[in-house]
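Next come the chains, spelled out residue by residue.
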Amino acid sequence: MAEVPVNWCPALGTVLANEEVTSDGRSERGNHPVYKRPLNQWMLRITAYAERLAEDLELVDWPEPIKLMQRNWIGRSEGAMIEFALAPKRTGHLSDQSSDQAQQNVIPVFTTRPDTVFGATYMVLAPEHPLVDQVTTDQQRDAVSEYVRLAASRSDTERQIDSRQKTGVPTGGDAINPATGEHIPIWIADYVMMGYGTGAIMAVPGHDRRDFEFAKQFGLPIIEVVKPHGAPTPGDSSDQAFTGEGVGINSANNEVSLNGLPTREAKKTITQWLESKGRGQPKVQYKLRDWLFSRQRYWGEPFPILHAADGRIVALDESELPVELPEMNDFTPHTSDDPDASPRPPLSRAPDTWKYVERDGGRFERELNTMPQWAGSCWYYLRFCDPHNDERFVDPTVERYWMGERGIDLYVGGAEHAVLHLLYARFWHKVLYDLGHVSTPEPFGHLFNQGYIQAYAYTDERGIHVDSEKVIEQDGGYFFEGRAVSRSLGKMGKSLKNAVSPDDICEQYGCDTLRLYEMYMGPLQASKPWNPRDIIGLHRFLQRVWRLAVDEHNGNPAVRDEADPAVESQLHRTIARIEQDIERQAFNTAIAALIEFINLATTAGGLTLDQFQRFALALAPFAPHIAEELWCKLGHKESLAYEPWPAFDQAMLTENFIELPVQLGGKVRAKLTIPADASVKQIEAAALADAKVTSLLKGKTVRKVVVVPGKIVNIVAD
RNA sequence: GCCGGAGUGGCGGAAUUGGCAGACGCGCCGGACUCAAAAUCCGGUGGAGGUGAUACUCCGUGUGGGUUCGACUCCCACCUCCGGCACCA
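Here goes a summary of the coordinates provided.

So, about unusual backbone geometry. Going from leucine 321 to proline 322, the amide bond is cis rather than trans, its omega being -5°. Unusually for a residue other than glycine, glutamate 481 sits at a positive phi of about 50°. Along the chain, the position of glutamate 481 falls in the loop between β24 (477–480) and β25 (483–491). A positive phi angle is found at glutamine 585, which is not glycine, with a value near 55°. Its location among the elements puts glutamine 585 in the loop between α17 (565–583) and α18 (587–604). Residue classification places glutamine 585 among the buried residues on the basis of a relative accessible area of 16%.

Here is the structure:
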């Protein structure tokens, strides 16, 4: 538990994790403004697993973009921690300070480019940095306080929006560059974040874009200490910083020189030297922050924690678990528009019988915050393996059976969970793995990302989204409550107010049709627009199936006695196609195969009982209800769910004769019907003998004949 | 700005390994059935030219180049859209 700056969302009445706040400073759910403010909250130390969370991505079969998003979020960077000593204040009285503070007269910074330390011409502290007060001189105190006050009043979002123009003020204090021994000024500026590294930087304007902009703005010295490989001379006073790797220049003192060293070696050399002087050491830094784990919500797992009157925090005994939520009439969160409203967890209104616990003669108050929704999703997949076990959350044998060698075989989920659920669950799983409760280091062996469903969204003249269900189209424009709105395509959901309830479609067409439509829209991994107009096609398909199978007048099965050979072989082909398509998660083409088959069967005059049974089994994964109904109509008492997948005969898939296109110079000019097993020589002879081909080749010389059996013939002639 | 993904008919999409671009569905057009409509069934449907109709010809997978007998598919450069991150030192 720690008092830390957290993301407070008054409109939701709760605090949120970093991962739940969008880059424009709003809540991921609901799109409400989020404010930073210090609060005492529970945190989970996910940072302790940063290294393994990044590294173990190599163990899993996941889409590369998702792995990349996690790696970026974890943000591992290698560099060095370097200590800059504070110089005695020019006008100050260092002796005034207590020895305690004097010992802390050093500012540690993290840098990925320790090799540029000779070019560090100033330092910058974040406005919130604890040393700001100490380094500031009396002359600068007013300016600094004013800047700090201003920075605090601006939200992160504002800080980002104004980021083009750098701002800052000098503190008047100096630090000593450990490499050059020179005094360099210490500034404060909000382009340095308190939340990353140490909240302070060494500024190397010659080789960092941001430092360069800042130095230009405030006329600070720029020294070049790295030149690009192969560059003849140290650069002129260039108009931008060289941030790449190169060769060290202007970088030597009496003990160490980086001149002539390539960046990689220079880093190593200078870090070793700094370490020998007790001024630094190698360091791996992560962007990942600890996970804010408290919410001011009713619906969340209560913490098994008690607070004593004297402030002590004690955990409940295992025998007292689980803590169940109290019955409450009003469990709504306390929401507000006021950024300064204080969080009031709904459980603060719980009955005293729940809220207070007597123990050893003392009265304890239960923790009133609850866990976020992610707590459940971090381990539900384990519980699903063994849901009725009342001894353990999952039996080890059962866990090994289901979670196998590398976790869940196929986990389907959207990319929006990349740095939320998929990161959190991996973290918990690793903790459980370390504690010996699960057998694999990773929970999800194979991840498949389905695409987003997109839908039209509408914004009014203020750019605010309006309920798309209430938008009407008129004279080629779109209107909401009489006002013109503009249309765009976006991810369907609450934030764009363009969600469509599937209930209406179920109502109108049935859920088999809905299911078919969703699968038929396109590839599972692709984002695709929701277009209700297309639904009718799938509904027609199911109706055609039913009409073909059942006599409309008496409701009896309508089957023929003799199988049509063309239909029979097409059925084998269809089953084979569906098998392959399911294997590669191409449900859209599998359904196309089913439709093609039914179209053929309709034209051919129906199916036999046996054919219909096989068809029903092939249809079942896509339209389970109607397939069951069909199965029943065909005379079965038991569900088809227990039937094996219909077999197909490989021999039925191969044809005796095939049609082979013949190209002349890459353009199809003729078609050949030849035995499927014809040799290359035979195909070539047949192609050259074709009447159309010979007429087109008249007066030309054949240069080359390319024959790809079963595919194509291409004749090159001039 | 950086990192990812994607651009194919009027629309959603197909083309499994470099081998007939546009499967299948929607929409649209025409026909059958009907007093009529709906539903259903049958046929047509990338564009341009061409024909009495059939033939047939040219163009065509975001743009420009390249590799190849052959490119939606591979390579280079660019454009547009979507997603993520964004002063991370």
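Here α17 is 19 residues long and its end C-alpha atoms lie 28 Å apart, about the 27 Å a rise of 1.5 Å per residue gives. Taken together, the buried positions of α17 are occupied by Val567, Glu568, Ser569, Gln570, Leu571, His572, Thr574, Ile575, Ala576, Ile578 and Asp581. In this fold, the buried residues of α17 make contact with α18, α19 (609–619) and α21 (650–653). A distance of 2.8 Å separates the backbone nitrogen of alanine 566 from a side-chain oxygen at the start of α17, and that oxygen is part of aspartate 564. Positioned one or two residues after α17, glutamine 585 has a phi angle of 55°, which is positive.

A sheet is described by the order of its strands in space; here 3 strands give the open sequence β2-β1-β3, paired in antiparallel fashion. Unpaired on one side and paired on the other, β2 (14–16) and β3 (35–41) mark the two borders of the sheet. Neighbour-to-neighbour, the strand axes of the sheet open up by a mean angle of 60°, direction not taken into account. Pairing between strand β1 (residues 2–9) and β3: 7 bridges, direction antiparallel. If you follow proline 5 over to β3, its bridge partner there is proline 38.

Counted according to the given criterion, the structure contains 0 disulfides. Residue cysteine 385 stays outside any disulfide, its sulfur separated by 15 Å from that of cysteine 378, the closest cysteine. Look at cysteine 385 and you get buried, because its relative accessible area is 14%. Among the cysteines around cysteine 506, which has no disulfide bond, cysteine 511 carries the closest sulfur, lying 5.1 Å off.

What follows covers the protein's contact with RNA strand B. If you check the shell around RNA strand B, you find 57 residues, and the closest are Thr112, Arg210, Tyr520, Arg540 and Lys671. Within 4 Å of the protein, atoms of RNA strand B come from sugar and phosphate in 65% of cases. Contacts to RNA strand B include methionine 521, whose backbone N or O atom sits 2.8 Å from a sugar or linking oxygen. A distance of 3.4 Å is found between a phosphate oxygen of RNA strand B and a side-chain nitrogen or oxygen belonging to arginine 544. Here the surface near RNA strand B takes 7 residues from α18, the largest share from any one element. Considering only residue class, the surface near RNA strand B consists of 22 nonpolar, 16 polar and 19 charged.

Of all 10 residues in strand β5 (residues 77–86), 8 are buried; the element is thus mostly enclosed. Pairing analysis gives 6 bridges linking β5 to strand β13 (residues 280–285), with the strands arranged antiparallel. For serine 77, the partnering residue across the bridge sits in β13 and is glutamine 285. Here β5 pairs with strand β6 (residues 106–111) via 6 bridges, running antiparallel. Residue pairing across strands places alanine 80 opposite threonine 111, the latter belonging to β6. Examined bridge by bridge, β5 and strand β8 (residues 169–176) share 2 bridges and lie antiparallel to one another. Residue pairing across strands places leucine 86 opposite alanine 175, the latter belonging to β8.

Bringing the pattern of salt bridges into the picture now. Following the criterion strictly, the structure yields 25 salt bridges and no others. Between lysine 67 and glutamate 64 there is a salt bridge; the shortest N-O distance is 3.8 Å. A residue pair is termed a helical-turn pair when its members lie 3 or 4 positions apart in one helix, as lysine 67 and glutamate 64 do in helix α2 (residues 64–74) at 3 residues. Residue class for lysine 67 comes out buried when judged on its relative accessible area of 7%. Two residues, glutamate 78 and arginine 76, come together in a salt bridge whose shortest N-O distance is 2.7 Å. Through salt bridges with shared partners, a single ionic network connects Asp56, Arg426, Lys430 and Glu442.

At a minimum axis separation of 12 Å, helix α16 (residues 535–549) and α19 run at an interaxial angle of 155°. What the angle tells us is that α16 and α19 run roughly antiparallel. Where α16 crosses over α19, the two elements pack in a sense that is left-handed. Every residue of α19 that contacts α16 at Phe541, Val545, Leu548 and Ala549 is listed here: Phe612, Phe615 and Leu619. Classifying every residue of the contact of α16 with α19 gives 7 nonpolar, no polar and no charged.

Moving on to the packing of aromatic side chains. Going through the model one piece at a time under the given rule, you end up with 26 aromatic pairs. With a centroid separation of 5.0 Å and 65° between ring planes, the pair formed by tyrosine 381 and phenylalanine 444 is classed as edge-to-face. Of this pair, tyrosine 381 sits in helix α11 (residues 380–383) while phenylalanine 444 sits in the loop between α13 (421–434) and β20 (447–450); the two residues are 63 residues apart in sequence, bridging distant segments of the chain. Judged by its relative accessible area of 0%, phenylalanine 444 falls in the buried class. Aromatic side chains phenylalanine 597 and phenylalanine 615 sit 5.7 Å apart centroid to centroid with 25° between the ring planes, which places their arrangement in the stacked category. With phenylalanine 597 in helix α18 and phenylalanine 615 in helix α19, this residue pair connects regions lying 18 residues apart in the sequence. When its relative accessible area of 0% is taken as the criterion, phenylalanine 597 is described as buried. On the basis of relative accessible area, phenylalanine 615 is assigned to the buried category, the value being 1%. Lying over the aromatic face of tyrosine 356, arginine 363 brings its terminal NZ or CZ to 3.8 Å of the ring centre. If you follow arginine 426 out to its NZ or CZ, it ends over the ring of tryptophan 62, 5.8 Å from the centre.

Rules behind the numbers
- Residues numbered from 1 in each chain as written.
- Chains lettered and ligands numbered in written order.
- Predicted model: local features only at pLDDT ≥ 70, side-chain atom pairs only at ≥ 80, totals over all residues.
- Heavy atoms only, no water.
- Helix = DSSP H or I, 4+ residues; strand = E, 2+ residues; numbered from the N terminus.
- Buried < 20%, exposed > 50% of the residue type's maximum accessible area, 1.4 Å probe, protein only.
- Expected span 1.5 Å × (residues − 1).
- Contact = heavy atoms within 4.5 Å.
- Polar contact = N/O pair within 3.5 Å; in protein donor to acceptor, adjacent residues only side chain to side chain.
- Pairing = 2+ DSSP bridges.
- Axes fitted to C-alpha atoms, helices over the stretch in contact; angles between N-to-C directions.
- Disulfide = S-S within 2.5 Å.
- Near = heavy atom within 4 Å.
- Nonpolar A, V, L, I, M, F, W, Y, C, P; charged D, E, K, R; others polar.
- Salt bridge = Lys/Arg side-chain N within 4 Å of Asp/Glu carboxyl O.
- Parallel < 35°, antiparallel > 145°, perpendicular 65-115°, else oblique.
- Left-handed = near helix turned anticlockwise from the far one by under 90°.
- Phe/Tyr/Trp six-rings, centres within 6.5 Å; stacked < 30°, edge-to-face > 60°.
- Lys NZ or Arg CZ within 6 Å of the ring centre and 35° of its normal.

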